[in-house]
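What follows is the residue order along each chain.
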Amino acid sequence: FFNYFGARDGDDGLPWRDLGGGVRKCQIEDFELTSRLLKTLKNEAGWPMDIYELHVSWSDGCLCSSIKEEMDLKVINIRTWDQSPSMLVADQVSELVDTVLDVDPENCFVFIHCAGGIGRTGNLAYGLSEIMCGDVPKDPLKKLEWFRSFRPGCIQTPEQLVDGMTLSNMILEDMVDRCDK
C-alpha cells in the first residue's frame, strides 16, 4: 500500500485516533479499525517501508441476532511521493516476499494499492508477478502489455517500469537465495 490510511501520515480523511505506541483506531459506522505499527525497514536508497497489522471488526446480521466478525490483515506501507518508483532494498524485498509466500491462496488475497491504483501499484505488481502468476510473459514490454490488458494505464513512467523490472530481478534473487539455504 502507498498512502495507507492507518499510517500516521495517512491522508484518507477518516477520524483516526492516535492511541500511542504506533496504534491508531477508527470507527466507521459499524466497522472498527485498529492499525498497529509492527516495524519499519529503513532504506537509504529509496523509501522507508512500514509493516502494520490492521484489525477490522464489525457486526453482521440484525438487531435481534448479530454475529461479531473479525479480520486481520498485514499491511506493507511504502512511503513514497506520488508517481515515484519504490526503490526497495534487499531486506524490504525479502519482507515483501515473506508476506506473499505466507498467503494461503485458498483463503487470502494480496491487495496492492496507491492513490490511483495504476502507477506505483503497477510497479509492485510487475515485480511480484514473478512469484504470484504462472502465465506472465518474460519479455519486459510484453509483460507490461499483459498487465495493461488487465489494468489499463498501469506503470505510468519509465522510472516505474525500470523499478518494476529491478524489483522483479530482486525477487527472483531472493527466491534463489531461499532455495540455496
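Here the residue numbering is sequential within each chain, running from 1 through the sequence in written order. In keeping with the predicted nature of the model, local features appear solely for residues at pLDDT of at least 70, side-chain atom pairs appear and are counted solely at 80 or more, and the whole-chain, interface and lining totals rest on all residues. By convention in this description, side-chain values take in all heavy atoms of the structure and omit both hydrogens and water.

Sorry, what's going on with the pairing of strand β4 (residues 49-61) here?
Every regular strand shows the same layout, with side chains that alternate between the two sheet faces. The sheet contact formed by strand β3 (residues 31-41) and β4 spans nine bridges and is antiparallel. Residue Arg36 lies in a different strand from β4, and its bridge partner there is Glu53. In the sheet, β4 pairs with strand β5 (residues 66-78) via 13 bridges, with the strands oriented antiparallel. Its bridge partner lying in β5, Met49 is registered against Ile78. Note on pairing: DSSP must find at least two bridges between two strands before they are called paired. Only DSSP runs of H or I with at least four residues qualify as helices, and only runs of E with at least two residues qualify as strands; both kinds are numbered from the N terminus onward.

Would you take a moment to explain the side chain of Glu95 for this structure?
As for its placement among the helices and strands, Glu95 is situated in helix α1 (residues 90-101). The buried label applies to any residue whose accessible area, calculated with a 1.4 Å probe on protein chains only, is under 20% of its type's maximum; exposed applies above 50%, and partly exposed to all values in between. A relative accessible area of 9% means that Glu95 is categorised as buried. Residues count as neighbours in contact if any of their non-hydrogen atoms are within 4.5 Å of one another. Residues in contact with Glu95, not counting those within four places in the same chain, are Lys39, Leu41, Met49, Ile51, Lys74 and Ile76.

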